[in-house]
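Summary of structural features
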Amino acid sequence: DAPSVSKSLLQSWNSQLPADVRILAGLRVPKNSRAHTICSLREYEYIVPAAALCGRPVAEFRRLLKLFEGTHRFHNFCGKLSTEKRGSRGSGE
């Protein structure tokens, strides 16, 4: 098992973040670790305040969120990578 990061390190990281964004825990990994190439699963949970709905029906919001469920190449949700960048990564993605 990887050792947890200290509470003081978490406090230091959190002091650099907006008040509504928090890091709750962390684990130390080797310096040569490449999480993006060795991970087999990523799971995300998002908490959205009701005010973010801007008065829209909750059912509509839930319908839209369904688009993000399942297995996806989520980098496509963040914009397209140029061919040059993809080629330089060596992964073919």
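Residues numbered from 1 in each chain as written. Predicted model: local features only at pLDDT ≥ 70, side-chain atom pairs only at ≥ 80, totals over all residues. Heavy atoms only, no water.

**Here we look at a nonpolar patch on the surface**
- A surface patch of nonpolar side chains, about 360 Å² in accessible area, is lined by Leu64, Leu65, Leu67 and Phe68.
- By secondary structure assignment, the location of Phe68 is in the loop between α3 (58-65) and α4 (83-89). (Patch = residues over 30% accessible without salt bridge, like charges linked within 9 Å, V, L, I, M, F, W, Y side chains within 5 Å. Areas by Shrake-Rupley, 256 points an atom, 1.4 Å probe, with all protein chains shown as cover. Salt bridge = Lys/Arg side-chain N within 4 Å of Asp/Glu carboxyl O. Helix = DSSP H or I, 4+ residues; strand = E, 2+ residues; numbered from the N terminus.)

**Re the confidence of the model for the protein**
- For the protein, the average pLDDT comes to 76, and 75% of its residues sit at 70 or higher.
- Within the protein, α4 has the poorest average pLDDT of any element, 44, and helix α1 (residues 7-15) the best, 94.
- Low pLDDT (under 50) marks residues 83-93, which in the prediction has four contacts with non-local residues, meaning those over four places away or in another chain. (pLDDT = per-residue confidence, 0-100. Contact = heavy atoms within 4.5 Å.)

**Notes on unusual backbone geometry**
- Although it is not a glycine, Cys54 sits at a positive phi angle of roughly 50°.
- Here Cys54 lies in the loop between α2 (35-38) and α3.

**A look at the pattern of salt bridges**
- Applying the stated criterion to the full structure yields one salt bridge.
- A salt bridge links Lys66 to Glu69; the shortest N-O distance between them is 3.6 Å.
- Its relative accessible area of 52% is what places Lys66 among the exposed residues.
- The partly exposed category is assigned to Glu69, whose relative accessible area is 49%. (Buried < 20%, exposed > 50% of the residue type's maximum accessible area, 1.4 Å probe, protein only.)

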